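Letter by letter, the chains look like this.
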Amino acid sequence: MTPAARIATAIDLLDEIIAGAPAERSLTRWARASRYAGSRDRAAIRDIVFDVLRRRRSLLWRSGQPLESGRALLSGMLADLPEERGLALLDGSTYGKPPLSAEEAAALRPLATAPGPIRLDIPDALLPLFEAALGTEAETTLKHLRQRAPIHLRVNTLKATRTEAQATLAAEEIETEPLAAAETALNVLSNPRRIANSQAYKDGLVELQDTASQIAAAAAEARPGEHVLDFCAGGGGKALALGAAMQGRGHLIAHDANPARMRDIPQRAARAGVSITCLDTASLAHQKGQFDLVFVDAPCSGSGAWRRHPEGKWALSPEKLVELAGLQSAVLQEALRFLRPGGRLLYATCSVLLEENQQVIETLLERQNGLSLRLETTLPVCDTHDGFYFALLDNAQYPSKL
């Protein structure tokens, strides 16, 4: 595909997304129906679509158009690029889109004149919540959320050291660098799309996982021989990290309210050399009060990971936050039933907002006797990790009254 054709396709896909179609679904549907598009075309179009979704407000402002459309958003993005890679790609070619009209060109305006929430690409109602949670770091975090996320790997210490994993990846021209924030973290510097087919990945030496998730998993202090529950396991990334910390000794259970989310865990666990038992809610009910560690990566707004999932930014509202906080409190109350006397629980979200984090924990501590807060950390979004929150709670030496 020509660059102009890629831009035209991205415009059409964005129109679908603006009309309400999920971005992943639109991209997958288009890829399946467009056999002429090569892997590079698909990757380039995906990057364009997500670059635009991260900056939806500012690009519409830049275009000067009153109504949001794929063409308006792309015009706003292309206007800031060098001519040969910018507005010249609206060239009216066979598979391209028409050039800007005189009226469209005249409507373009500089982003510097936009109000703060537009320049930071955040809904008006959410900016005060970020400022309340992050203070002086709020603006920096929001600027990072406008950019592409880095690609990080977790080294599986059951199979390799970080240096050994780097060497294996380098042999396939995947260059990485160690990150100081986590002993198992690697930042991918080149050829990230080769990872899934690399020998290091196939042999279980590395897994794709943001550094913030690795920090949270390490903070849980899973130990060999323990009985550990990943209560909201999803695809199992943190369960795998917990299993590596346990050095293959003990019992590791993965649970999710929707068991279908765990369908890839057996294959991932086998590749990593970790034993994980997946249980649905009914099967898990017989193990209340038995776990040394319960890890709760709760459903959340994902505000710390919006550069990976930018649609969530535009769907969140203060009212939705209230609903999420109620769900998070309910999930925590249920998870506590599985914690043994003297055990510990780690609550985590990929959000940076007080409503989903500190306030949820404060409410829990007020209602539940026997719990104490050992540590609490908020990681703002930065170059080396997503935004994340976690709190480690200790259970007193007597059974929970739940």
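Nothing here was measured: the structure is a model prediction, and the numbers come from that model. (Residues numbered from 1 in each chain as written. Predicted model: local features only at pLDDT ≥ 70, side-chain atom pairs only at ≥ 80, totals over all residues. Heavy atoms only, no water.)

Draft legend 1. Structural view of the packing of helix H2 (residues 23-33) against helix H3 (residues 39-54). Contact geometry of H2 with H3 gives a least axis separation of 11 Å together with a crossing angle of 160 degrees. When the axis of H2 is compared with that of H3, the two are roughly antiparallel. As H2 packs across H3, the resulting crossing turns out to be right-handed. Facing H2, whose interface residues are Ala23, Glu24, Leu27, Trp30 and Ala31, H3 presents Arg42, Ile45, Arg46, Val49, Phe50 and Leu53. When grouped by side-chain class, the residues that make up the contact of H2 with H3 number 8 nonpolar, no polar and 3 charged. (Axes fitted to C-alpha atoms, helices over the stretch in contact; angles between N-to-C directions. Helix = DSSP H or I, 4+ residues; strand = E, 2+ residues; numbered from the N terminus. Parallel < 35°, antiparallel > 145°, perpendicular 65-115°, else oblique. Left-handed = near helix turned anticlockwise from the far one by under 90°. Contact = heavy atoms within 4.5 Å. Nonpolar A, V, L, I, M, F, W, Y, C, P; charged D, E, K, R; others polar.)

Draft legend 2. Highlighting the sheet that holds strand S10 (residues 371-379). Pairing is mixed across the open sheet formed by 7 strands, whose spatial order is S7-S6-S5-S8-S9-S11-S10. Strands with a single pairing partner mark the edges of an open sheet, and in this sheet they are strand S7 (277-279) and S10. Shown here is a sheet whose adjacent strand axes are inclined to one another by a mean of 20 degrees, direction ignored. As paired elements, S10 and strand S11 (residues 388-395) share 8 bridges and run antiparallel to each other. Bridged to Leu379 within S11 is Phe388. Here helix H12 (residues 211-219) sits on the sheet in contact with strand S8 (291-297), strand S9 (339-349), S10 and S11, set at roughly 5 degrees to S11. (Pairing = 2+ DSSP bridges.)

Draft legend 3. Here's a closer look at the sheet that holds strand S4 (residues 206-208). Ordered by their spatial adjacency, 4 strands build an open sheet running S2-S3-S1-S4, and the pairing between neighbours is antiparallel. Strands with a single pairing partner mark the edges of an open sheet, and in this sheet they are strand S2 (176-178) and S4. Strand-to-strand, the axes of this sheet are offset by a mean angle of 35 degrees, without reference to chain direction. Where strand S1 (residues 152-155) and strand S3 (residues 185-188) come together, 3 bridges link them in antiparallel fashion. Along S3, the bridge assignment pairs Leu153 with Leu186.

Draft legend 4. Broad picture of the packing of helix H1 (residues 3-18) against H2. Remark: H1 packs on H2, axes separated minimally by 9 Å, with the N-to-C direction vectors making an angle of 135 degrees. On the basis of their axis angle, the class for H1 and H2 is oblique. For the pair H1 and H2, the crossing hand works out as right-handed. For the pair formed by H1 and H2, the contact residues are Thr9, Leu13, Glu16 and Ile17 on the first element and Ala23, Ser26, Leu27, Arg29 and Trp30 on the second. Among the residues forming the contact of H1 with H2, the class breakdown is 5 nonpolar, 2 polar and 2 charged.

Draft legend 5. The arrangement of helix H10 (residues 162-170) in detail. Every buried residue belonging to H10 is among Ala165, Gln166 and Leu169, and all of these are buried. One side of H10 carries all its buried residues, which in axial view fall inside an arc of 100 degrees. In this fold, the buried residues of H10 make contact with S1, S2, S3, helix H11 (199-202) and S4. (Buried < 20%, exposed > 50% of the residue type's maximum accessible area, 1.4 Å probe, protein only. Arc of directions from axis to C-beta.)

Draft legend 6. Geometry of helix H8 (residues 127-134). For H8, the set of buried residues is Leu127, Leu129, Phe130, Ala133 and Leu134. Taken around the axis of H8, the buried residues stretch over an arc of 160 degrees, which confines them to a single face. Of the surrounding secondary structure, the elements contacted by the buried residues of H8 are helix H7 (116-119), helix H9 (138-144), helix H17 (318-336) and S10. Just past H8, the residue Gly135 takes up positive phi, approximately 60 degrees.

Draft legend 7. Just the pattern of salt bridges, in detail. On inspection of all chains with the given rule, the structure shows 30 salt bridges. Note that Glu323 is salt-bridged to Lys320, the shortest N-O span being 3.9 Å. Of this pair, Glu323 and Lys320 are both found in helix H17, 3 residues apart, which corresponds to roughly one turn of the helix. For Lys320, a relative accessible area of 37% translates into the label partly exposed. (Salt bridge = Lys/Arg side-chain N within 4 Å of Asp/Glu carboxyl O.)

Draft legend 8. The nonpolar core, seen in detail. Membership of the largest hydrophobic core comes to 31 residues, with the highest contact counts inside it found for Leu242, Leu252, Ile276, Phe295, Leu346, Phe388 and Phe390. Within the residue set of this core, elements represented by two or more residues are H12, helix H13 (237-245), strand S6 (251-255), helix H14 (265-272), S8, S9 and S11. Per-element tally for this core: the top contributor is H12, with 4 residues. Residue contacts for Leu346: discarding those within four places in its chain leaves Ala216, Ala219, Ala220, Leu293, Val294, Phe295, Val296, Phe390, Ala391 and Leu392. (Core = buried A, V, L, I, M, F, W, Y, C linked by side-chain atoms within 4.5 Å.)

Draft legend 9. How the structure looks around the environment of Pro117. Among the structural elements, Pro117 can be located in helix H7. The sequence separation of Pro117 and Leu142 amounts to 25 residues, and the corresponding C-alpha distance is 9.6 Å. With residues near it in sequence (within four places) discarded, Pro117 still touches Arg57, Ile122, Asp124 and Leu127.

Draft legend 10. Just the packing of aromatic side chains, in detail. For the structure on display, the rule yields 3 aromatic pairs. Measuring from ring centre to ring centre gives 5.8 Å for Phe130 and Trp306, while their planes differ by 45 degrees; the resulting arrangement is tilted. Here Trp306 lies in the loop between S8 and helix H16 (311-315) and Phe130 lies in helix H8, a separation of 176 residues in the sequence. Of the two residues, Phe130 and Trp306, neither departs from the other in class, the shared state being buried. Ring centres of Tyr347 and Tyr389 lie 6.3 Å apart, and the angle between their planes is 70 degrees; on these two criteria the pair is classed as edge-to-face. One end of the pair, Tyr347, is in strand S9; the other, Tyr389, is in strand S11, and 42 residues separate them in sequence. Here the two residues Tyr347 and Tyr389 agree in accessibility, since each one is buried. We note Arg109 situated over the ring of Trp61; from NZ or CZ to the ring centre the distance is 3.6 Å. (Phe/Tyr/Trp six-rings, centres within 6.5 Å; stacked < 30°, edge-to-face > 60°. Lys NZ or Arg CZ within 6 Å of the ring centre and 35° of its normal.)

Honestly, that's just the spatial picture; any functional story needs more than this.
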